[in-house]
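Chain and residue survey
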Amino acid sequence: GGDGGRRAGTGIRFAARDDGAFVIKGFISGSSAEMNPDVQVEDVLLAVDGSSVSGAMIHELASMLLGEEGTSVRLTLRRAPHHNGAAGNGASPATLGSLCTPFSTGSHVALVERRALTGAEASP
């Protein structure tokens, strides 16, 4: 038999920081992540479907994100702490006592549908 579904991905472009964290840098045009308010540029990826990506290589991350077209993947993300020029002056900056757990306060889960990555989506 042949392969079941087509290889599909989230359409999110990640970059690895110096400290090893994966940060969202952009989206492939037309991807579901591009329209998802839970997924924003500069968000830090903590886990994929509950599996921590701490210490993973970028190619390992790619294989975790790829899957069958039409399926969804749960991304645990942490919003970037700096809100330059953000509205809501009443918000006081939160102090994080400990960063030993990746699932500390400020993280949220985004459900992203996988869509087939075609050559057309990569063109400008």
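These numbers were taken from a predicted model, which means no experiment stands behind them.

1. Comments concerning the overall build of the protein chain
Assigned secondary structure in the protein chain consists of two helices and nine strands. Moving toward the C terminus, one meets the helices and strands of the protein chain in the order β-β-β-β-β-α-β-β-β-β-α. Across the 124 residues of the protein chain, 30% fall into the buried class. For the protein chain, long-range pairs separated by at least 24 residues make up 69% of all intrachain contacts whose partners lie at least 6 apart in sequence. Approximately 7800 Å² of the protein chain is accessible, and the part contributed by carbon and sulfur atoms is 52%.

2. Thoughts on the sheet that holds strand E9 (residues 115-116)
In space, the three strands of this open sheet follow the order E6-E1-E9, with antiparallel pairing throughout. If you trace the sheet from one side to the other, it starts and ends with strand E6 (67-68) and E9, each paired once. Summarising the sheet, strand E1 (residues 7-9) and E6 pair through two bridges and their orientation is antiparallel. Residue pairing for E6: Arg 7 is matched across the bridge by Glu 68.

3. Some points on the nonpolar core
Core analysis: the biggest nonpolar cluster contains 17 residues, and Phe 14, Val 39, Leu 45, Val 48, Leu 61 and Leu 75 have the highest contact counts within it. Counting residues per element, the ones that place at least two in this core are strand E2 (12-16), strand E3 (22-27), strand E4 (44-48), helix H1 (58-65), strand E7 (72-78) and strand E8 (107-113). In terms of residue count, E7 provides more of this core than any other element does, three residues in total. In contact with Leu 61, other than residues within four places in its own chain, are Phe 14, Phe 22, Leu 45, Val 48 and Val 53.

4. Notes on the side chain of Thr 10
Relative to the helices and strands, Thr 10 is located in the loop between E1 and E2. Engagement of the side chain of Thr 10 in a polar contact is seen with the backbone nitrogen of Ile 12, the distance being 3.3 Å. If we ignore the near neighbours within four places in the chain, the residues touching Thr 10 are Ser 31, Ala 33, Leu 65, Val 73 and Val 112.

5. Description of the environment of Ile 28
With respect to the helices and strands, Ile 28 occurs in the loop between E3 and E4. Residues Ile 28 and Gly 11, spaced 17 residues apart in sequence, show a C-alpha to C-alpha distance of 4.9 Å.

6. Concerning the environment of Arg 17
Examined against the element boundaries, Arg 17 turns out to sit in the loop between E2 and E3. Using a relative accessible area of 41% as the deciding quantity, one classes Arg 17 as partly exposed. As a C-alpha pair, Arg 17 and Val 44 span 27 residues in sequence and 9.7 Å in three-dimensional space. Not counting the four nearest positions on each side in its chain, Arg 17 is found in contact with Val 23 and Val 44. Reaching out from Arg 17, the side chain makes a polar contact with the side chain of Asp 19 at a distance of 2.9 Å.

Criteria and cut-off values
- Residues numbered from 1 in each chain as written.
- Predicted model: local features only at pLDDT ≥ 70, side-chain atom pairs only at ≥ 80, totals over all residues.
- Heavy atoms only, no water.
- Helix = DSSP H or I, 4+ residues; strand = E, 2+ residues; numbered from the N terminus.
- Buried < 20%, exposed > 50% of the residue type's maximum accessible area, 1.4 Å probe, protein only.
- Contact = heavy atoms within 4.5 Å.
- Areas by Shrake-Rupley, 256 points an atom, 1.4 Å probe, with all protein chains shown as cover.
- Pairing = 2+ DSSP bridges.
- Core = buried A, V, L, I, M, F, W, Y, C linked by side-chain atoms within 4.5 Å.
- Polar contact = N/O pair within 3.5 Å; in protein donor to acceptor, adjacent residues only side chain to side chain.

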